[in-house]
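Architecture and fold: a report
Next come the chains, spelled out residue by residue.
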Amino acid sequence: MSEQPITVIATLRIHPAREKEALDAIRHCVATSRREKANLSYQCHRDVSDPDVFVFVERWASPEALTEHETTPHFRAMAEVFRTALAEPLHVRITREI
């Protein structure tokens, strides 16, 4: 495994009509992801000026840890909700601290 942690910044827009379903999936995924061994931090924020926009900020021990996270039932369940709840394509950046 890589030694340097990564930070994931994912921005998405939810259809207002799908908000409850999306929020339920997000809250479940956040709570469960925080218990993953290789997770260093996992947060979801809502944009103050545009409440349909959400920003995930996640820190993982390695890129491999992120790949493993993406196979978990809680991540897959959220991704399934997002298939129909997103108003536009998800934007993801994977970064490392400099």
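Reading guide: rules and limits
Residues numbered from 1 in each chain as written. Predicted model: local features only at pLDDT ≥ 70, side-chain atom pairs only at ≥ 80, totals over all residues. Heavy atoms only, no water. Pairing = 2+ DSSP bridges. Helix = DSSP H or I, 4+ residues; strand = E, 2+ residues; numbered from the N terminus. Axes fitted to C-alpha atoms, helices over the stretch in contact; angles between N-to-C directions. Contact = heavy atoms within 4.5 Å. Salt bridge = Lys/Arg side-chain N within 4 Å of Asp/Glu carboxyl O. Buried < 20%, exposed > 50% of the residue type's maximum accessible area, 1.4 Å probe, protein only.

**What to know about the sheet that holds strand β3 (residues 53-60)**
Spatially, the 4 strands line up as an open sheet ordered β2-β3-β1-β4, and their pairing is antiparallel. Each edge of the sheet is formed by a strand with only one pairing partner; in this case those strands are β2 (39-46) and β4 (91-95). Between one strand axis and the next, the sheet turns by 10° as a mean value, whatever way the strands run. Sheet topology places strand β1 (residues 6-13) next to β4; 5 bridges connect them, and they run antiparallel. Each residue of the ladder has a partner; that of Thr7, found in β4, is Thr95. Relative to the sheet, helix α1 (residues 19-33) contacts β2 and β3, its axis offset from that of β2 by approximately 160°.

**Some points on the pattern of salt bridges**
Inspection of the entire model under this criterion finds 6 salt bridges. We note a salt bridge from Asp50 to Arg13, for which the minimum N-O separation is 2.8 Å. Placement of Asp50 in the loop between β2 and β3 and of Arg13 in strand β1 is noted, with a sequence separation of 37 residues between them. Across the pair Arg46 and Glu19 runs a salt bridge whose closest N-O atoms are separated by 3.2 Å. Placement of the pair is Arg46 in strand β2 and Glu19 in helix α1, with a sequence separation of 27 residues. Its relative accessible area of 29% is what places Glu19 among the partly exposed residues. Taken together, the shared-partner salt bridges connect Arg13, Asp50 and Glu88 into one network.

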